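Listed below are the residues making up each chain.
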Amino acid sequence: MQIFNKNIALREFLATVTTNNSTIGFVPTMGALHDGHLALMKQSLQENDFTVVSIFVNPTQFNNPEDLAKYPRTLEADVEKMRILNDKIIVFAPTVDDIYEGKTTAQSFDYDGLEHQMEGQFRPGHFDGVGTIVKRLFEIATPTKAYFGEKDFQQLQIVKKLVAKYEIPVTIVGCPIYREASGLAMSSRNERLTPTERKEAAIIYAILKEAKSKFQTQDAEIVEDWVKNEFKKHPLFELEYFVIADESTLLPITFKEKSKNYRAFIAVFVNNIRLIDTITLN
Ligand code: PAF
């Protein structure tokens, strides 16, 4: 399996193995790989001649230094998982210096307002960091298609906007959420939960499903209040937000319109570990 730590080496390698007609699939990750990541890789392997996976914990997208420090870093195990999946995967695991060249700061982006909602509101600067790293990784890996999980649905919409605004020649592919048997959305952060917390965290998806069912017959405000009350009953969890929003603009719903697609978004703390999830509502 080819593993590169320097962007120049990856670029040189891609230049030698690809032709003008080759397709490159790209899966950007921050490591601590789970089955959701592996599903993105499988899709990329099926749809492209080459698949590049990046493993890079991007400092500029963390607004909370403790979250950055505690983010799981499991490169060896990650490489092993990819080797078992398919040893043709090309791994890019750069250092912070290789990416940021001594200036670890984010560029500032205008995503036409998508960045002001939900994650943007509670994690200031987060989407500037995401835009900075995704743009940089696209320059290095020059993908034909790039694969992103729908769990980070706001990120997915923002990356689509970034690509459109900067006219980056890549197709962004959104892939379904992978869930643990309990329904908990797969996330690298789940590794930090205790077994009890992990079991209890199944409640997040259970509440989302119930909210979806209520949304069919009740006003969004009533559903939102119901969710807030449910979390009050569970002291292990601290609800940061539950928002019902228009899927394309991400603006919170004002009144239900038949022609619109709505989605619920949630962020919950379990003992300082922040989990997010989302569900389509109609
Ligand atoms: O979704 C993630 O893991 C990260 O935000 C990404 C896209 C790899 C950028 O660092």
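As shown above, the structure is provided for reference.
Residues numbered from 1 in each chain as written. Predicted model: local features only at pLDDT ≥ 70, side-chain atom pairs only at ≥ 80, totals over all residues. Heavy atoms only, no water.

Draft legend 1. Fine view of the site of the ligand. With respect to spatial proximity, the complete set of residues near the ligand consists of Pro28, Thr29, Met30, Asn58, Gln61, Ile133, Phe148 and Gln155. Within the contact set of the ligand, an oxygen atom lies 2.7 Å away from a side-chain nitrogen or oxygen of Gln61. One of the side-chain N or O atoms of Gln155 is found 2.7 Å from an oxygen atom in the ligand. Out of a free accessible area of 290 Å², the ligand has 89% covered by protein chains. (Near = heavy atom within 4 Å. Polar contact = N/O pair within 3.5 Å; in protein donor to acceptor, adjacent residues only side chain to side chain. Areas by Shrake-Rupley, 256 points an atom, 1.4 Å probe, with all protein chains shown as cover.)

Draft legend 2. Fine view of helix 8 (residues 153-165). Between its first and last C-alpha atoms helix 8 spans 18 Å; for 13 residues at 1.5 Å apiece the expected length is 18 Å, and the two agree. Lining the buried residues of helix 8 we find helix 6 (118-122), helix 7 (126-141), strand 5 (145-149), strand 6 (171-175), strand 8 (262-270) and strand 9 (273-280). Immediately beyond the C-terminal end of helix 8, within one or two residues, lies Glu167, with a positive phi of roughly 50°. (Helix = DSSP H or I, 4+ residues; strand = E, 2+ residues; numbered from the N terminus. Expected span 1.5 Å × (residues − 1). Contact = heavy atoms within 4.5 Å.)

Draft legend 3. The arrangement of the environment of Phe50 in detail. Position of Phe50 among the secondary structure elements: in strand 3 (residues 50-55). The residues touching Phe50, leaving out its near neighbours within four places in the chain, are Val17, Thr18, Ser22, Thr23, Ile24, Gly25 and Ile90.

Draft legend 4. Examining helix 10 (residues 202-215) more closely. The terminal C-alpha atoms of helix 10 lie 20 Å apart, and with 14 residues this matches the ideal 20 Å at 1.5 Å per residue to within 8%. Structurally, helix 10 contributes buried residues whose contacts are with helix 9 (195-200), helix 11 (220-232), strand 7 (237-246), strand 8 and strand 9.

Draft legend 5. Representation of the side chain of Arg123. Among the secondary structure elements, Arg123 is positioned in the loop between helix 6 and helix 7. You can call Arg123 buried: its relative accessible area is 8%. Those residues in contact with Arg123 that lie beyond four places of it in its chain are Gln61, Phe62, Asn63, Asp67, Arg189 and Arg274. (Buried < 20%, exposed > 50% of the residue type's maximum accessible area, 1.4 Å probe, protein only.)

In short, the description is geometric, and any link to function would need to be established separately.
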